[in-house]
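# Observations on the three-dimensional arrangement
In case you want the letters, here they are:
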Amino acid sequence: MKISDLRLTVIAMPRNTGFVCKHVIVEIDADNGLTGIGEMSDFSHLPHYSLDIQDMAVVLKSILLGQSPFDISLLNKELLSNFPETMFYYEKGNFIRNGIDAALHDLCAKSLGISVAEFIGGRIKEKIKVCYPIFRHRFMDEVEENLAIVRERLSKGFDTFRLYVGKNLDADEAFLDGVKKEFGSKVTIKSLDFSHLLDWKSALKATKRLSQYDFQMVESPAVQNDFEGLHHYRMNTEYPVSEHVWSFRQQSEMIKHDSIDIFNISPIFIGGITAARKAAAAAEVAGKSCLIGTTQELSVGTAAMAHLGSSLVNLNYTSDPTGPELYIGDIVKNPVQYENGYLLVPGRELPGLGMELDWDQINKYRVDDLSWGNVSVHQLQDRTSQTKK
Ligand SMILES: O=C(O)C(=O)C[C@@H](O)[C@H](O)C(=O)O
Ligand SMILES: [Mg+2]
Ligand SMILES: [Mg+2]
């Protein structure tokens, strides 16, 4: 089997909040008639750093055409030399490699008639516990809106939430207080996510203030790449600490500095299923836990994470992928399913990722390019359509 063609389609998909995220659907054709699909998800981070989609297709074709899709290691090596890692969380080269790597996995597994989970080592679980995100409060009047989201999502089976914090601690506290009073033990707060907004000492002070409420762990409580700061934070708190993995150098520094307890691994931020498996194995060898993070993918990207999570031995904390629940639409005929707060892994009987593109939906949301226009810093950081200053 040889790769014969590649297509990239840009989708602009609004979230329920109105905030629009751009994603790229990847299709890789093989000379036996099969097509593998993947997703480069959520280019809305760093909106002013925009990529030329036509140019990207030309470069990717020059790397992939004529190659065997089974040469995944070789192709990843080649992709990495063209779209290298940087030490930055939202580096878009990782997004590009992720979409291609997922499509290669889909294509190879389809050609073998097996699911991606079986292709990468088999299934340990058939469903993955996930939590619903509550985006960062900037104003007190957002507290009631966010409590209403908890109410609505709880009625749909999501009993675990994560909270982005650190911009308005009065509002963070009021929200946690509201959750405790209204929902008590029916609702679990998995994590407080500081998203690198505060230095470790300020994050520690904020954590102490919020620790009168129950939460399981704390994410990104230091500025990016402050490995020692994370270690100091960790040594001064009783909560497990998690951090995203965005480069192997960064992961190795976090291991060396014993910075964290849990690696938040998402294929999008480390550059694919292949890289994510490597990161999970490194975590396992270092005696650390994992969870599957998210950029808020559509169903193709989320299915890839479900297959990955299904095969990991050290996935022992609640994971984050809830993208398909956040957007107003999707691009497949059979979106991934959530049940009682779990993401269901597409079944063994479905070859590849188990997703089928829906061209009516794609044509509804497709746009020409990845250019972004005017998005404010707070919209970017807080993932909201809110324009109030
Ligand atoms: O844990 C995180 O950090 C995220 O989920 C990042 C978010 O900004 C996410 O990428 C989103 O787009 O909402
Ligand atoms: Mg995070
Ligand atoms: Mg995102």
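Owing to the predicted nature of the structure, the values given are computational and were not obtained by experimental measurement. Residue numbers run consecutively from 1 along every chain, following the written order of its sequence. Written order decides the labels, with chains lettered from A and ligands numbered from 1. Note on the predicted model: pLDDT of at least 70 is required for a residue's local features to be given, and 80 or more for side-chain atom pairs to be given and counted; whole-chain, interface and lining totals, by contrast, use all residues. Side-chain numbers come from the whole structure's heavy atoms, not from hydrogens or water.

## Some remarks on the overall build of the protein
What the protein contains, in helices and strands, is 15 helices and 14 strands. Atoms counted for the radius of gyration: C-alpha only. Globule rule: 2.2 Å times residue count to the power 0.38. Taking 21 Å as the expected radius of gyration for a compact globule of 389 residues, we find that the protein reaches 20 Å, a close match to that expectation. Only protein chains enter the calculation, and the probe is 1.4 Å; a residue is then buried if its accessible area is under 20% of its type maximum, exposed if over 50%, and partly exposed in between. In the protein, which comprises 389 residues, the proportion classed as buried is 59%. The contact criterion used throughout is that any non-hydrogen atoms of two residues lie within 4.5 Å. At a minimum sequence separation of 6, the contacts of the protein that also span at least 24 residues come to 74%. Strands here are runs of E lasting at least two residues and helices are runs of H or I lasting at least four, both read from the DSSP assignment and numbered beginning at the N terminus.

## Details of the coordination of the magnesium ion (ligand 2)
For Na, K and Ca the donor cutoff is 3.2 Å, while for all other metals N, O and S atoms must lie within 2.8 Å; water is not among the atoms, so some sites may look incomplete. Every protein donor of the magnesium ion (ligand 2) is listed here as Asp-193 (OD), Glu-219 (OE) and His-244 (NE2), and their distances to the metal cover 2.0 to 2.2 Å. Every donor residue of the magnesium ion (ligand 2) comes from the same chain, spaced as D-x25-E-x24-H. Of the two residues, Asp-193 sits in strand β7 (residues 188–193) while Glu-219 sits in strand β8 (residues 217–219), which places them 26 residues apart along the sequence. In this structure Asp-193 comes out as buried when scored by relative accessible area, which is 3%. A relative accessible area of 1% places Glu-219 in the buried class.

## Details of the packing of aromatic side chains
Aromatic rings in a pair are described by how distant their centres are and how their planes are angled relative to each other. The aromatic pairing rule takes the rings of Phe, Tyr and Trp, using the six-membered ring of Trp, and pairs them if the centres are within 6.5 Å, calling planes under 30 degrees apart stacked, those over 60 edge-to-face and the rest tilted. The tally for this structure, following the rule as stated, stands at 13 aromatic pairs. Following the ring pairs from residue to residue traces out a cluster consisting of Phe-43, Phe-88, Tyr-89, Tyr-90, Phe-95, Trp-246 and Phe-269. For the cation-ring pair, Lys-92 lies above Tyr-49, with the distance from its terminal atom to the ring centre recorded as 5.2 Å. Only when the NZ of Lys or the CZ of Arg is both within 6 Å of the ring centre and within 35 degrees of the ring normal is a charge said to sit over the ring. When the ring centre of Tyr-342 is taken as origin, the NZ or CZ atom of Lys-127, which lies over that ring, is 4.3 Å away.

## What to know about the pattern of salt bridges
In what follows, salt bridge is the name for a side-chain nitrogen of Lys or Arg lying within 4 Å of a carboxyl oxygen of Asp or Glu. Evaluated as defined, the whole model comprises 25 salt bridges. In this structure, Lys-190 and Asp-320 form a salt bridge, with 2.6 Å as the shortest nitrogen-oxygen distance. Of this pair, Lys-190 sits in strand β7 while Asp-320 sits in the loop between α12 (299–310) and α13 (323–326), and the two are 130 residues apart along the sequence. Each of the two residues, Lys-190 as well as Asp-320, counts as buried.

## Considerations on the UniProt feature "domain: Mandelate racemase/muconate lactonizing enzyme N-terminal" (unreviewed entry) in the protein
UniProt's feature table lists "domain: Mandelate racemase/muconate lactonizing enzyme N-terminal" (unreviewed entry) at residues 18–121, given in the numbering used throughout. Helix makes up 46% of residues 18–121 and strand 16%, whereas the separation of the span's terminal C-alpha atoms amounts to 39 Å. UniProt positions are given in the numbering used here, feature names are shortened, and annotations may be inferred rather than shown by experiment.

## A closer look at the confidence of the model for the protein
Values of pLDDT, ranging from 0 to 100, describe the predictor's confidence in every residue of the model. Chain-level statistics for the protein give a pLDDT mean of 96 and a share of 96% at 70 or above. Scored as a whole, the predicted complex attains pTM 0.96, and scored at its interfaces, ipTM 0.97.

## Focus: the domain arrangement of the protein
Delimitation of the domains relies on an automatic or database domain assignment. Each assigned domain of the protein is listed here: domain 1 (3–114 + 360–382) and domain 2 (118–353). For domain 1 and domain 2, the distance between their C-alpha centroids amounts to 22 Å. For the pair domain 1 and domain 2, the interface holds 0 salt bridges. Those elements giving two or more residues to the side of domain 1 that touches domain 2 turn out to be β1 (3–14), β2 (20–30), β3 (35–40), α2 (72–82), α3 (92–112), α14 (359–365) and α15 (377–382). When residues of the side of domain 1 that touches domain 2 are assigned to their parent elements, the largest contribution, 12 residues, is made by α3. Under the grouping applied here, Gly and all other residues not named as nonpolar or charged are polar, the nonpolar ones being Ala, Val, Leu, Ile, Met, Phe, Trp, Tyr, Cys and Pro and the charged ones Asp, Glu, Lys and Arg. Across the side of domain 1 that touches domain 2, the residue classes tally to 21 nonpolar, 14 polar and 9 charged.

## A look at unusual backbone geometry
One non-glycine residue, Ser-195, lies in positive phi territory at about 45 degrees. Residue position: Ser-195 is located in the loop between β7 and α7 (200–210).

## Thoughts on the packing of helix α9 (residues 248–256) against helix α11 (residues 273–285)
Axes are the key here: two packed helices are described by the angle between their axes and the distance separating the axes. With their axes 11 Å apart at the nearest point, α9 and α11 run at an angle of 10 degrees to one another. On the basis of the axis angle, α9 is roughly parallel to α11. Together, Phe-248, Gln-251 and Ile-255 of α9 and Ala-275, Lys-278, Ala-279, Ala-282 and Ala-283 of α11 make up the contact between the two elements. Partitioning the contact of α9 with α11 into residue classes produces 6 nonpolar, 1 polar and 1 charged. Every axis corresponds to a line fitted to the C-alpha atoms, with the helix fit spanning only the stretch in contact, and the corresponding angles, defined between N-to-C directions, vary from 0 to 180 degrees. The cut-offs work like this: below 35 degrees is roughly parallel, past 145 is roughly antiparallel, 65 to 115 is roughly perpendicular, and the gaps in between are oblique.

## Some thoughts on the UniProt feature "domain: Enolase C-terminal" (unreviewed entry) in the protein
In the numbering used here, UniProt assigns the feature "domain: Enolase C-terminal" (unreviewed entry) to residues 150–360. The distance separating the terminal C-alpha atoms of residues 150–360 is 32 Å; by composition the span is 40% helix and 15% strand.

## Here's the deal with the nonpolar core
What makes a nonpolar core is a set of buried Ala, Val, Leu, Ile, Met, Phe, Trp, Tyr and Cys residues whose side-chain atoms join them at distances within 4.5 Å. Phe-175, Ile-189 and Ile-331 are the most contacted members of the largest nonpolar core, which totals 82 residues. When residues of this core are assigned to domains, at least three map to each of domain 1 (3–114 + 360–382) and domain 2 (118–353). What Ile-331 contacts, discounting residues up to four positions off in sequence, is Ile-11, Met-13, Ile-25, Glu-39, Leu-298, Val-300, Glu-356, Leu-357, Asp-358, Gln-361 and Ile-362. The next biggest cluster of nonpolar side chains, apart from the first, holds 32 residues, and it includes Phe-43, Phe-83, Ile-96 and Leu-107.

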